[in-house]
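Take a look at the letters that make up each chain.
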Amino acid sequence: MATSLSSVIHITFLDTKTTQRRFITPSKSHRKFLVNSSKSTPDTPLTPISDNKKNSSLSDQLASLANTTLSTVPEDQPEILSKPNPTWVNPTKAKRPMLSQQKQKRSSVSYNPQLREFQQFAQRLNNCDLSNEEEFMACLEEIPTTSLSRVNVLLVLNSLRPWQKTYKFLNWIKSKDLIPMETIFYNVTMKSLRFGRQFGIIEELALQMIDNGIEMDNITYSTIISCAKKCNLFDKAVHWFEKMYKMGLMPDEVTFSVILDVYARLGKVEEVVSLFERGRATGWKPDPITFSVLGKMFGEAGDYDGIRYVLQEMKSLGVQPNLVVYNTLLEAMGKAGKPGFARSLFEEMVDSGIAPNEKTLTAVIKIYGKARWSKDALELWKRMKENGWPMDFMLYNTLLSMCADVGLLEEAETLFKDMKQSEYCKPDSWSYTAMLNIYGSEGDVVKAIKLFEEMCKLGIELNVMGCTCLIQCLGKAMEINDLVKVFNIYVDRGVKPDDRLCGCLLSIVSLSQGSKDQEKVLGCLQRANPKLVAFIQLIADEETSFETVKEEFKSIMSNAVVEVRRPFCNCLIDICRNKDLLKRAHELLYLGTLYGFYPTLHNKTQYEWCLDVRTLSVGAALTALEEWMATLAKIVKRDEALPDLLLAQTGTGAHKFAHGLNISFASHLRKLAAPFRQSEDKVGCFIATKEDLVSWVESNSPSEFVAT
DNA sequence: CTAGGGTTAG
């Protein structure tokens, strides 16, 4: 009797509710995924923090599962669902298997030397011009029909490419009716079609098989499903998986891992884990490929607990990770932001005797670069050279990007020179972008411009990130005429400015306050994001009401990607302060806080309140300080509770944007005559006691700087 | 690509 997928999934969820799960359950990671899965995009609606709801609840996720897989309860309902109370499942009862323990065996096809005749025939067909239909058909008629057998047909089907030829040959065999059609003929043809991403034709063939009573086996289904996946037709993939159960066929481990990957790519972590655990509960021992699928999924979700779950499961089942599994898990560790665990996993891999390949090293170098671990990155680089570990183009570029991330100027220049001299790893737009990034952050205008000219001369593709690096470099050096020139070349060449580039221009607008240059930069910004320029004009007009500002602010920020929202807000505050529009600056800080751009600005414990301005621009930090002092003054005056210690943190200025923040902050503290003093053992930390604060309030009239 | 599944860049 057929087991439907619907019932299988249903049972799985009942299991999780009614029985102890016997196998390690990453329920924590589920929850974490639900939080992480609400990745913000430019489309993310902007909601004030107070009524910020969870983007995706568990029931929402389960609802989608119900809609996709529970909707089709078949006529032959398994007994468990026909019982009056189907919500109870006896945990000790043997579980209904949901996948076959045995991988489908292939029929052995022996390729004998007597097949030379057909090899030559296939060769001739392959030499035919694809666009010349008649030539191909004429060639087909020359087939040596006397010795036509299934083995010969298979040989030809396997040798033909591209897919059009395989497909034509299958149809021809079928139409000639010389030999009974077999499953394997379809399977081989489908594989060829999958290379050409021809899902439509594959589906047509599948329906044909059903019509003609040709058995579809696990190889057929896994090919269909993986083709749908390759074509991003995930609904089709799920459809054929369900169909398989309905047809009474149990998936084997290959088909099962394919469908797990389908759900994983849809971000349906719950479903993947449920299917996986259900399979595990019926005695299935997953292989490394399945673990690789799970590892990638948890990496995409940034779910460290999930990755650890994969490692634990492998260990407890005695499955030794292979090279691909390690590569996937290392990549996943990077995405989950765990450089330390990535490092130990990498060492574990090398210790276990598996030699890293290009992908391994690319993943690890990238992680070290992003974590700014220059020591580890350099050490690994040295080991790569000593051990003669393989290098490829992507690894070269990743090393360059790493140099940009950790600030290794000379190493990058050597590497770049090596690439230019190499035969197969010539620098491309990625390599040039990395170099622009380095010169940009070094502030080396001359070298950056020289590189840009070289790119133009060599016809290297220009991209928006390179543009941003150049603009940042020229902006910091206040080379505004060159900046405008470079910007226009990029845009004229079809590069579309993105939010980061706009943020970069916006910060230069704030830096060029009061000079003629500001108009020039605004001109660039006008071309990139006219709404942003209109907003600057709006807030600069003192007549504009707060309500109008709020509305436009919301619209601007909703249209911007999440990563730039705080920088945008910082720059806008700076612009206002430069124009002496203090009230507006406070309004913008208020709005930024309201929409959650400054979640860590205030940290309170019973003993200590801390104002952390480390991610704020100078203007925003000063505005936040004023706001805080006014609030504290109010609290003192109202005689409300205060902690013993008050802290303000600006950081050390090690971050490239935070230069001078602590100096400006200290000077503003003096201007306000605020009672904070620089901490002796912590740079960038300002301290005041409750007593300091109270006596300061009593001897001052702080209302004079309270802007709102 | 010798009938099916997994891994590399802001």
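Bear in mind that the values here come from a model prediction, so they are computed numbers and not experimental data. (Residues numbered from 1 in each chain as written. Chains lettered and ligands numbered in written order. Predicted model: local features only at pLDDT ≥ 70, side-chain atom pairs only at ≥ 80, totals over all residues. Heavy atoms only, no water.)

Chemist: Tell me about the overall build of chain A, and please be specific about residues and values.
Modeler: Scanning chain A from N- to C-terminus turns up 35 helices and five strands. Residues classed as buried in chain A amount to 49% of the 708 residues present. Per element, the accessible surface of chain A, about 34,700 Å² overall, is 52% carbon and sulfur. (Helix = DSSP H or I, 4+ residues; strand = E, 2+ residues; numbered from the N terminus. Buried < 20%, exposed > 50% of the residue type's maximum accessible area, 1.4 Å probe, protein only. Areas by Shrake-Rupley, 256 points an atom, 1.4 Å probe, with all protein chains shown as cover.)

Chemist: Please provide a residue-by-residue account of the pattern of salt bridges, values included.
Modeler: Inspection of the entire model under this criterion finds 27 salt bridges. As a salt-bridge pair, lysine 335 and glutamate 331 come within 4.0 Å of each other at their nearest N and O atoms. One end of the pair, lysine 335, and the other, glutamate 331, are both in helix H17 (residues 323-335), four residues apart, so they sit about a helical turn from each other. Among the residues examined, glutamate 331 registers a relative accessible area of 33% and is labelled partly exposed. Between glutamate 626 and arginine 577 there is a salt bridge whose closest N-O contact spans 2.8 Å. One end of the pair, glutamate 626, is in helix H33 (residues 618-637); the other, arginine 577, is in helix H31 (residues 562-578), and 49 residues separate them in sequence. (Salt bridge = Lys/Arg side-chain N within 4 Å of Asp/Glu carboxyl O.)

Chemist: Lay out the pairing of strand S5 (residues 685-689) in plain terms, naming residues and giving numbers.
Modeler: Counting buried positions over the five residues of S5 gives four, a clear majority of the element. Pairing analysis gives five bridges linking strand S3 (residues 645-649) to S5, with the strands arranged antiparallel. Along S5, the bridge assignment pairs alanine 648 with phenylalanine 686. The sheet contact formed by strand S4 (residues 677-678) and S5 spans two bridges and is antiparallel. (Pairing = 2+ DSSP bridges.)

Chemist: Account for the UniProt feature "repeat: PPR" (unreviewed entry) in chain A, naming residues and giving values.
Modeler: According to UniProt, the feature "repeat: PPR" (unreviewed entry) maps to residues 217-251, 252-286, 287-321, 322-356, 357-391, 392-426 and 428-462 in the numbering used here. With 74% helix and 0% strand, the stretch residues 322-356 has end C-alpha atoms that lie 10 Å from each other. Structurally, residues 428-462 is divided into 80% helix and 0% strand, and its ends, taken at the C-alpha atoms, are 10 Å apart. (UniProt positions renumbered as here; feature names shortened; annotations may be inferred.)

Chemist: Explain the packing of helix H14 (residues 269-281) against helix H16 (residues 304-317) residue by residue, including any values.
Modeler: Where H14 contacts H16, the two axes come as close as 14 Å, and the packing angle between them is 10°. It follows from the interaxial angle that H14 and H16 lie roughly parallel. Contacts between H14 and H16 pair Phe276, Glu277 and Arg280 from the former with Tyr309, Glu313 and Leu317 from the latter. (Axes fitted to C-alpha atoms, helices over the stretch in contact; angles between N-to-C directions. Parallel < 35°, antiparallel > 145°, perpendicular 65-115°, else oblique. Contact = heavy atoms within 4.5 Å.)

Chemist: Pulling in residues and values, what's your account of unusual backbone geometry?
Modeler: Trans peptide bonds make up the majority, and among non-glycine residues the majority have a negative phi. At the junction of arginine 161 and proline 162, the peptide bond is cis and its omega measures out at 0° in the coordinates. If you trace the backbone, proline 162 turns up in the loop between helix H7 (150-159) and helix H8 (163-176). The phi angle at arginine 372 is positive, at roughly 60°, despite the residue not being glycine. Assignment of secondary structure puts arginine 372 in the loop between helix H19 (358-370) and helix H20 (374-387). Backbone geometry at aspartate 639 places phi at a positive 65°, although glycine is not the residue there. For aspartate 639, the location among the structural elements is in the loop between H33 and S3. Given a relative accessible area of 71%, aspartate 639 falls into the exposed group.

Chemist: So what about the protein's contact with DNA strand B? Which residues, and what values?
Modeler: With respect to spatial proximity, 48 residues lie near DNA strand B, and among them Lys191, Phe195, Lys359, Thr433 and Met465 are the closest. The sugar-phosphate backbone supplies 41% of the atoms of DNA strand B found within 4 Å of the protein. Separating a base nitrogen of DNA strand B from a side-chain N or O atom of aspartate 287 is a distance of 2.6 Å. Elements that contribute at least two residues to the surface near DNA strand B include exactly helix H9 (183-195), helix H11 (218-230), helix H13 (253-265), helix H15 (288-300), H17, H19, helix H21 (393-406) and helix H23 (429-442). Tallying contributions element by element places H13 first for the surface near DNA strand B, with seven residues. In the surface near DNA strand B, the residues fall into 13 nonpolar, 18 polar and 17 charged. (Near = heavy atom within 4 Å. Polar contact = N/O pair within 3.5 Å; in protein donor to acceptor, adjacent residues only side chain to side chain. Nonpolar A, V, L, I, M, F, W, Y, C, P; charged D, E, K, R; others polar.)

Chemist: So, the nonpolar core: which residues are in play, and what are the values?
Modeler: Phe169 and Phe665 are the most contacted members of the largest nonpolar core, which has 211 residues in total. The element that contributes the greatest number of residues to this core is H33, accounting for 11 residues. Other than its neighbours up to four places away in sequence, phenylalanine 169 contacts Phe121, Leu125, Leu140, Ile143, Val153, Val156, Leu157 and Leu160. (Core = buried A, V, L, I, M, F, W, Y, C linked by side-chain atoms within 4.5 Å.)

Chemist: Can you break down the sheet that holds strand S1 (residues 602-604) residue by residue, with the values?
Modeler: Strand order in the open sheet formed by five strands is S1-S2-S3-S5-S4, with mixed pairing between adjacent strands. If you trace the sheet from one side to the other, it starts and ends with S1 and S4, each paired once. In terms of strand pairing, strand S2 (residues 608-612) meets S3 through five bridges, oriented parallel. Looking at S3, one finds that leucine 611 is bridged to alanine 648. Relative to S2, H33 is tilted by about 155°, and along the sheet it contacts S1, S2 and S3.

Chemist: Got a sec to walk through the side chain of aspartate 517? Specific residues and values, please.
Modeler: One can find aspartate 517 in helix H28 (residues 517-528). Excluding anything up to four places from it in sequence, aspartate 517 contacts Ile480 and Ser512.

Chemist: Explain the packing of aromatic side chains residue by residue, including any values.
Modeler: Taken as a whole and assessed by the stated rule, the structure comprises 20 aromatic pairs. Look at phenylalanine 276 and tyrosine 309: their rings are 6.2 Å apart centre to centre, the planes differ by 75°, and that puts the pair in the edge-to-face class. Of this pair, phenylalanine 276 sits in helix H14 while tyrosine 309 sits in helix H16; the two residues are 33 residues apart in sequence, bridging distant segments of the chain. Taking the relative accessible area as the measure of exposure, phenylalanine 276 reaches 0% and is therefore buried. Taking the centre distance of 6.4 Å and the plane angle of 55° together, the rings of phenylalanine 535 and phenylalanine 553 count as tilted. Residue phenylalanine 535 is located in helix H29 (residues 530-540), and its partner phenylalanine 553 is located in helix H30 (residues 546-558); the two are separated by 18 residues in the primary sequence. Of the residues examined, phenylalanine 553 reaches a relative accessible area of 0% and is grouped as buried. When the ring centre of tryptophan 240 is taken as reference, the NZ or CZ atom of lysine 243 above it lies at 5.4 Å. Stacked on the ring of tyrosine 304, the Lys or Arg lysine 338 has its end atom at 4.9 Å from the ring centre. (Phe/Tyr/Trp six-rings, centres within 6.5 Å; stacked < 30°, edge-to-face > 60°. Lys NZ or Arg CZ within 6 Å of the ring centre and 35° of its normal.)

Chemist: Tell me about H9, residues and numbers included.
Modeler: Here H9 spans 19 Å end to end across 13 residues, near enough to the 18 Å set by a 1.5 Å rise per residue. For H9, the elements touching its buried residues are H7, H8, helix H10 (199-211) and H11. Looking one or two places after H9, you find arginine 197, whose phi comes out positive at around 55°. (Expected span 1.5 Å × (residues − 1).)

Chemist: Give a description of the side chain of aspartate 252 that names residues and reports values.
Modeler: Relative to the helices and strands, aspartate 252 resides in the loop between helix H12 (234-246) and H13. Salt bridges are absent for the buried aspartate 252, whose nearest opposite-charge side chain, lysine 103, sits at 7.1 Å. Residues contacting aspartate 252, with those up to four places away along its chain left out, are Leu99, Ser100, Gln102, Lys103, Gln104 and Asn218. (Lys, Arg positive; Asp, Glu negative; His and termini not counted.)

Chemist: Outline the packing of helix H26 (residues 480-492) against H28, supporting the account with residue identities and numerical values.
Modeler: Viewed as axis vectors pointing N to C, H26 and H28 meet at an angle of 10°, and their least axial separation amounts to 10 Å. Taken as axis vectors, H26 and H28 run roughly parallel relative to one another. Regarding H26 and H28, the two cross each other, and that crossing is left-handed. In contact with Ile480, Asn481, Leu483, Val484, Phe487, Asn488, Val491 and Asp492 of H26, H28 contributes Asp517, Lys520, Val521, Cys524, Arg527 and Ala528. For the contact of H26 with H28, a count of residues per class yields eight nonpolar, two polar and four charged. (Left-handed = near helix turned anticlockwise from the far one by under 90°.)

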